[in-house]
Amino acid sequence: MKTTKKILIAHHDAGMRRRLVMLFAAAGFDVRSFVSPDAVLEGARAEWFDLALIDGDGAGSALATGLREIQPTVQLLLMVPKMDLGMVVQGIRQRSEEHTSELQSHHDLVCRLL
């Protein structure tokens, strides 16, 4: 029996968050989206996620650390406005499995995660 992967999406931009939710829900994922870091951490305490897509902005760094404390095995993907060495290093320090530019095709992202 195949189980549906559960994805946590945390992004400060409402439009981006909505696009990601619609994209992953249409691809068959069980999606939860959150706006504030506190809500993300509360959600992570309430249910287990297979993947967390989080905004790689300033708050994303602390959020990644908090998520790792609550769910040490969750796959973490940082979404950054543009790929640069500083963001990649930051992601590595937070043990993110992957980094992606927000400019990358969302269809390609879904295909990689399926």
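Here, every reference points to the structure presented above.
Fair warning: this is a prediction, and the values are worked out from it, not measured in the lab.

Asks: I would appreciate a short explanation of the nonpolar core in the present structure.
Replies: Nonpolar side chains tend to gather and get buried jointly when the protein is soluble and globular. Among the nonpolar cores identified, the biggest contains 15 residues, and L8, V40, A52, I54, L63 and L67 are the most heavily contacted of them. Listed by contribution, the elements that provide at least two residues to this core are β1 (6-10), α2 (37-46), β3 (51-55), α3 (58-70) and β4 (75-80). With near-sequence residues (within four places) excluded, L63 lies in contact with A10, P37, V40, L41 and I54. In terms of nonpolar packing, the next biggest core, distinct from the first, is built from 11 residues, L20, L51, L53 and M79 among them.

Asks: I'm lost on α2 in this one. Help?
Replies: Because the α-helix completes a turn every 3.6 residues, residues three or four places apart line up on one side. Within α2, burial applies to V40, L41, G43 and A44. Looking straight down α2, one finds its buried side chains confined to an arc of 160°; they lie on one side. Exposed and oriented more than 90 degrees from the buried face of α2 are D38, E42, R45 and A46.

Reading the values: rules and limits
Residues numbered from 1 in each chain as written. Predicted model: local features only at pLDDT ≥ 70, side-chain atom pairs only at ≥ 80, totals over all residues. Heavy atoms only, no water. Core = buried A, V, L, I, M, F, W, Y, C linked by side-chain atoms within 4.5 Å. Buried < 20%, exposed > 50% of the residue type's maximum accessible area, 1.4 Å probe, protein only. Helix = DSSP H or I, 4+ residues; strand = E, 2+ residues; numbered from the N terminus. Contact = heavy atoms within 4.5 Å. Arc of directions from axis to C-beta.

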